[in-house]
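Residues per chain are reported as follows:
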Amino acid sequence: MERRDIFLSFGLFFLLFLSFGQTSLIQDLGSEAVKWTFENKNKSVSGKATVPGGIFNDLQNEGILSGQLFYRFGDTENRWVSKDHWTFRTEFKVSSEIFDKNKINFITDGLNTVATVTLNGVKLCGCKNLFTRFVFPVKNFLKKDGSPNILEVAFESTIKYAANKFEENPVYPSCVPEYFNGECHVNMVRTMQASFGWDWGPALPSQGIWKNVRLEGYDGITIRDVKYYVEREQNSWKVNVIAFLELEDNQTKEVDVYINLASNERNVLQHTEPVKIIEINKEPIISSSFSVPEESVELWWPNGMNKSQPLYNIIIALSKNDKILASKTNRIGFRTIKLIQVPVVKRDSSKGLTFHIEVNGYPIFAKGSNYVPGNIIPEKSTDPKLAEHLLRSSAEAGYNMLRVWGGGVYETDYFYDLCDELGIMIWQDFMFANSLYPVDDDFLGEVQREVRGTVRRLQHHACIAIWAGNNEMEGAVQDSWWDSSEQAKKNYIKLFGHVIRDLVLEEDPVTPFVVSSPTNGLKTVNDGYLPQESAWSEIFGDTHVYKYGYSEDLMESGIYGIARFVSEYGYQSFPFLSNWRKETIEEDLSDFNSKFISRRQHQAGGTQRVFAQTSTILMHKSSESKYREAKNLDKFIFLSQISQSVGTGVEALKHRRLRNFFNASSGQGLTMGSMYWQLNDVWAAPSWGGIDHEGKWKMLHYHMSKIFAPVAISVDNEKGFNHISVYAVSDLLEDLQNVELEVKVYNWGSLEIVKIKKINIEIMGNLSAAVVLEGDVKNLLHIDSKLESTFLTLQLKENDGKALTGPYFHPLQTLNSVNFSIIPDLKILQVVKKNMASDPYYKSLFEIEISTNKPAPYVWLDAREIKGRFSENGFVLTDATYKIEFLALEETNESEFKKALTVQSYCDAITML
Ligand code: BMA
């Protein structure tokens with residue numbers, strides 16, 4: 001037998017052996033068979049509960065609250081639920097198999113948030129952290145022989161608990177801004193910070209057992225968590241394993257460790273070793289390491305590089321005298337991830353440090369967005385379908401990174417598993433956002449348990465790229481947003497610079513950590529965890545950039561700054577009118593300033609800003625006021641979604657073309673990250689989101705899928721609309737040879753191509769951005785006509801004519817200065833249902849053919865209530881006929897689809913009612 005075969009058969013035997021091994025036993029207390037009930041404090045409201053779940057879910061299931069929690073003013077009208085105290089109760093019998101185990105624990109992966117847990121009248125805890133797992137030994141007071149055990153989880157209103165904590169020891173800000181319609185003192189309690197209200201979401205703090213709950217029985221030893229650090233060595237990988245154990249007694253001092261590493265197709269290797277159990281901080285652990293030959297595994301790469309994301313199952317089993325005592329399975333990938341922060345000019349740090357992610361030794365431009373919780377109610381945010389849709393939408397749009405934002409929750413294991421599979425790197429914030437936080441021992445104890453538990457749960461995922469202490473607090477504390485005292489700064493440094501940072505470095509010495517997001521990076525660390533000068537640097541670390549002026553021309557790339565890594569930027573738009581129609585009565589939509597519309601806008605001056613940004617580029621002055629009339633609300637909404645896409649898109653493309661740019665005097669440039677705010681939405685409201693709360697892509701998400709494609713064109717118009725610098729950008733690992741740039745010139749009045757210019761690019765370098773055409777538009781393209789009536793499309797093609805990029809639309813003026821005297825006549829020519837291709841995620845496929853008689857800007861196809869997405873949308877149509885596909889998420893028939901489908905363009909939205 002060859003060596004490989006021996007490995008293979010041993011591997012199979014080993015897996016078989018393990019699956020029959022009797023390790024710990026679990027009794028699920030959240031299964032259908034276990035009946036739970038809920039009641040409020042004065043017992044006036046009660047019913048059946050679902051666990052895992054939460055009070056909003058239960059009240060909806062019982063018909064006490066409507067299915068639409070946010071209907072009209074539901075966010076405030078349903079707030080009584082959050083202010084009451086809810087108790088969940090069950091009776092269960094312990095299986096005799098579990099009872100036979102020497103040790104029995106009661107475990108819950110999550111309680112929301114402040115709870116007293118009692119079992120048969122014995123208090124297990126006063127729990128007060130949404131983000132931690134709780135494990136309590138319970139064997140002594142469990143009832144056996146089929147007698148019922150009574151488990152009670154009594155929650156205290158998180159709002160009331162937070163208010164009491166503030167009374168005891170105030171930490172600021174005391175409240176979210178008034179226009180959030182939120183609740184106060186969320187910083188006093190370890191819960192989802194956005195659940196008390198945010199500038200894109202409602203306040204509706206829930207209560208309940210939001211994660212799994214179970215009994216666990218074992219003899220001798222059990223494995224609580226396992227960490228794997230994968231490190232690169234000369235010709236191999238070193239895998240370091242640390243397993244955190246729980247021992248029933250102190251008898252076991254040494255065990256045999258078996259490790260099995262396998263891909264889905266084949267076994268890679270086993271490692272066996274006797275190891276001693278040691279104690280660190282009174283916690284028993286074992287550690288081991290083994291080497292994996294380089295050629296026996298494949299590299300994991302981020303999405304969008306024409307590379308794959310191979311993953312390997314890894315099983316650890318502990319045994320004594322050939323009897324398996326405990327085992328645990330995880331999945332890992334082989335890659336290195338570093339955050340490179342070195343002087344951009346040798347020996348001169350005054351010009352700043354680089355700030356980029358390096359994967360497998362290659363600098364990676366981070367493209368993506370910020371992930372806010374899939375639902376503002378934590379128990380609803382764990383729905384795997386929700387995560388799958390948002391993550392797939394990100395991957396399909398070419399994103400390689402998402403930031404799990406610090407005001408939400410640490411996401412489910414399923415979420416990170418999917419990111420591993422899709423190649424989406426995760427920038428993981430710890431859940432602290434835009435507030436000061438207490439630093440008393442009790443609070444710090446909670447933070448420590450939370451940080452330790454989170455790192456141990458997530459660290460092994462190939463997708464985990466960066467840990468970050470919090471959202472925006474470095475700048476906020478430095479700029480004294482709420483408290484200018486020295487003590488506030490000291491407390492901040494204690495919590496983030498010491499407690500959290502020290503713990504993360506101890507628990508995960510391999511993954512990069514930044515104190516805050518944004519941060520001045522290493523400079524901040526060297527400054528003592530708060531910048532000595534100003535935060536929000538453009539030449540150190542990452543930054544957040546928001547254009548909050550009112551009259552900027554979002555089409556002009558000169559208005560956007562230059563930074564090393566922009567982890568937030570973006571613009572609001574209004575939600576689809578169809579969403580609002582489902583959430584309110586017509587009367588609320590009959591006045592632009594209605595109470596309903598104003599209450600949905602949580603940003604001060606937000607609506608005025610959306611209006612201004614939209615009007616600067618898209619509204620003809622003469623008709624501007626008409627957009628405030630209710631009858632034109634849908635037109636205004638459409639224009640707001642265009643201007644959001646334009647602003648975010650032009651800014652993102654600027655980031656991409658700056659990856660090789662460096663200004664030696666200011667130190668600016670070398671931009672290596674672009675993550676707009678924000679990927680998703682939690683309700684129908686004006687927001688920065690690109691995917692609405694029902695999963696429908698807004699124009700922004702369609703635009704970003706072209707902008708974040710592996711190869712892109714980026715046009716700089718900073719010297720004015722009649723001067724262009726065209727950049728070809730590539731995030732591919734290999735060079736491209738003989739690429740053709742094709743520039744077409746059109747007049748708005750006709751589909752005829754006025755001019756075509758083709759430029760051969762001999763070599764388009766890998767991982768680069770370079771100018772391929774530059775100059776005065778008229779001379780470059782030999783245009784005789786007036787620029788006001790002209791626009792360009794630009795496309796990169798391979799030498800066989802195959803498109804490398806979609807055509808990019810480049811206007812030579814803001815659209816409100818074009819005279820669209822005749823509106824393009826857009827038609828749906830035909831719709832054909834096709835056989836669904838290989839992707840089982842989508843259930844039906846339609847091919848749509850549309851036609852036009854004139855170039856049509858920002859063509860928008862809409863399938864209304866049919867869930868799914870188009871192959872492209874929000875584009876400029878320059879062909880007389882054109883085909884697009886629609887991928888439906890549910891089985892849909894042709895006539896249904898035809899009935900729903902509509903098409904319009906920007907020009908339809910400037911024809912006033
Ligand atoms: C940043 C984010 C969020 C906020 C967004 C838009 O502050 O971190 O807090 O929602 O900007 O204002």
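Residues numbered from 1 in each chain as written. Predicted model: local features only at pLDDT ≥ 70, side-chain atom pairs only at ≥ 80, totals over all residues. Heavy atoms only, no water.

Where helix α10 (residues 441–458) meets helix α12 (residues 486–507), the closest approach of the two axes is 10 Å, and the angle between their N-to-C directions is 35°. When the axes of α10 and α12 are compared, the crossing they make is right-handed. Facing Leu444, Val447, Gln448, Val451, Arg452, Val455 and Arg456 of α10, the residues of α12 in contact are Lys494, Leu495, Val499, Ile500, Leu503, Val504, Glu506 and Glu507. Residue composition of the contact of α10 with α12, by class: 9 nonpolar, 1 polar and 5 charged. (Axes fitted to C-alpha atoms, helices over the stretch in contact; angles between N-to-C directions. Helix = DSSP H or I, 4+ residues; strand = E, 2+ residues; numbered from the N terminus. Left-handed = near helix turned anticlockwise from the far one by under 90°. Contact = heavy atoms within 4.5 Å. Nonpolar A, V, L, I, M, F, W, Y, C, P; charged D, E, K, R; others polar.)

Strands sit in the order β37-β36-β39-β40 across an open sheet of 4 strands; the sheet is antiparallel. Every other strand in the sheet has two partners, leaving β37 (753–764) and β40 (808–811) as the edge strands with one partner each. Averaged over neighbouring strand pairs, the angle between their axes works out to 20° when direction is ignored. As paired strands, strand β36 (residues 736–747) and β37 are joined by 10 bridges and run antiparallel to one another. Within the sheet, the bridge partner assigned to Glu740 lies in β37 and is Asn760. (Pairing = 2+ DSSP bridges.)

Packing of helix α8 (residues 384–396) against helix α9 (residues 413–422) leaves a shortest axis separation of 10 Å and a crossing angle of 25°. Our classification of the angle between α8 and α9 gives roughly parallel. You can see that α8 and α9 cross each other, and the crossing is right-handed. Here α8 contributes Pro384, Ala387, Glu388, Leu391, Arg392 and Ala395 to the contact with α9, which in turn contributes Tyr414, Phe415, Leu418, Cys419 and Leu422. (Parallel < 35°, antiparallel > 145°, perpendicular 65-115°, else oblique.)

One pass over the structure, following the stated rule, counts 2 disulfides. The side chain of Cys125 participates in a disulfide bridge whose partner is Cys127; the two sulfur atoms lie 1.8 Å from each other. Here Cys125 and Cys127 share a disulfide; its torsion about the S-S bond, -105°, makes the bridge left-handed. The pair Cys125 / Cys127 is uniform in exposure class, with both members buried. Linked covalently through their sulfurs, Cys175 and Cys184 form a disulfide whose S-S length is 2.0 Å. Taking the torsion about the S-S bond as the criterion, the Cys175 to Cys184 disulfide, at about 90°, is right-handed. When the cysteines of the protein that form disulfides are numbered from the N-terminus onward, they connect as 1-2, 3-4. Sulfur of Cys419: no disulfide; nearest cysteine sulfur belongs to Cys463 and is 4.9 Å away. (Disulfide = S-S within 2.5 Å. Buried < 20%, exposed > 50% of the residue type's maximum accessible area, 1.4 Å probe, protein only.)

Another point: the pairing of strand β35 (residues 723–730). Of all 8 residues making up β35, 8 are buried, and the element is well covered by its neighbours. Going residue by residue along β35, you find His723, Ser725, Tyr727 and Val729 tucked away on one face and Ile724, Val726, Ala728 and Ser730 tucked away on the opposite face as well. As defined by bridge partners, strand β34 (residues 711–716) adjoins β35 across 6 bridges and the pair is classed as antiparallel. Looking at the pairing, Ile713 lines up with Ala728 of β35. Counting the residues between successive antiparallel strands, the hairpin from β34 to β35 contains 6 residues, one of them, Gly720, with a positive phi of roughly 110°. When β35 meets strand β38 (residues 768–776), the two strands line up antiparallel, connected through 8 bridges. Looking at β38, one finds that Ser730 is bridged to Ser768.

So, about the site of the ligand. Neighbouring residues of the ligand: Trp198, Asp199, Trp200, Trp405, Asn434, Asn471, Glu472, Tyr546, Tyr548, Glu568, Trp677 and Trp688. Contact distances for the ligand include 2.9 Å between an oxygen atom and a side-chain N or O atom of Trp198. Between the ligand and the protein, one listed contact pairs an oxygen atom with a side-chain N or O atom of Glu472 at 2.7 Å. Residues that form the shell around the ligand fall into these classes: 7 nonpolar, 2 polar and 3 charged. (Near = heavy atom within 4 Å. Polar contact = N/O pair within 3.5 Å; in protein donor to acceptor, adjacent residues only side chain to side chain.)

Another point: the packing of aromatic side chains. Applying the stated criterion across every chain yields a total of 53 aromatic pairs. Arranged with centres 6.3 Å apart and planes meeting at 5°, the rings of Phe574 and Phe592 form a pair that is stacked. Of this pair, Phe574 sits in the loop between β32 (566–568) and α14 (577–583) while Phe592 sits in the loop between α14 and α15 (595–600), and the two are 18 residues apart along the sequence. The class of Phe574 is buried, set by a relative accessible area of 0%. Classification of Phe592 as buried rests on a relative accessible area of 7%. Taken together, a centroid distance of 5.6 Å and an interplanar angle of 75° make the contact between Trp580 and Phe596 edge-to-face. (Phe/Tyr/Trp six-rings, centres within 6.5 Å; stacked < 30°, edge-to-face > 60°.)

All right, on to the sheet that holds strand β45 (residues 875–877) then. Ordered in space as β45-β43-β47, the 3 strands form an open sheet in which the pairing is antiparallel. Because the sheet does not close on itself, it has two edges, and the strands there are β45 and β47 (902–904). Each strand axis lies, on average, 40° off the axis of its neighbour in the sheet, ignoring direction. Sheet topology places strand β43 (residues 856–862) next to β47; 3 bridges connect them, and they run antiparallel. Bridge assignment links Asp862 to a residue of β47, and that residue is Thr902.

UniProt's feature table lists "domain: Beta-mannosidase Ig-fold" (unreviewed entry) at residues 844–908, given in the numbering used throughout. For the annotated span residues 844–908, helix accounts for 15% and strand for 49% of the residues, and the straight-line distance between the end C-alpha atoms is 29 Å. (UniProt positions renumbered as here; feature names shortened; annotations may be inferred.)

In this section: the layout of surface pockets. Its volume calculated, the second largest pocket comes out at about 1,100 Å³. If you trace the second largest pocket, you find 38 residues lining it, with Leu386, His693, Glu694, Gly695 and Lys867 closest to the centre. Those elements that place two or more of their residues in the lining of the second largest pocket are α8 and α14. Ranked by residue count, the leading element in the lining of the second largest pocket is α8, at 5 residues. Grouping the amino acids of the lining of the second largest pocket by side-chain chemistry returns 12 nonpolar, 12 polar and 14 charged. (1 Å grid on protein atoms, 1.4 Å probe; cavity = no way out; pocket = protein on both sides within 12 Å on 5 of 7 lines; lining within 4 Å. Points joined across faces, edges and corners; volume = space filled by probe spheres on them.)

Let us look at the domain arrangement of the protein. The domain architecture assigned to the protein consists of domain 1 (25–215), domain 2 (222–332), domain 3 (337–707), domain 4 (711–817) and domain 5 (827–909). For domain 4 versus domain 5, the separation of C-alpha centres amounts to 26 Å. Across the contact, 11 residues belong to domain 4 and 11 residues belong to domain 5. Both faces combined, the contact of domain 4 with domain 5 buries some 900 Å², and carbon together with sulfur accounts for 73% of it. Considering only the surface of domain 4 that becomes buried against domain 5, Trp748, Leu751 and Leu815 emerge as the three largest contributors, covering 58% of it. Counting the contacts that link domain 4 with domain 5 gives 0 salt bridges. If you look at where domain 4 meets domain 5, you find 2 residue pairs in polar contact (both at pLDDT 80 or more). For the side of domain 4 that touches domain 5, a count of residues per class yields 6 nonpolar, 5 polar and no charged. (Domains from an automatic or database assignment. Buried area = accessible area lost by both parts, 1.4 Å probe. Salt bridge = Lys/Arg side-chain N within 4 Å of Asp/Glu carboxyl O.)

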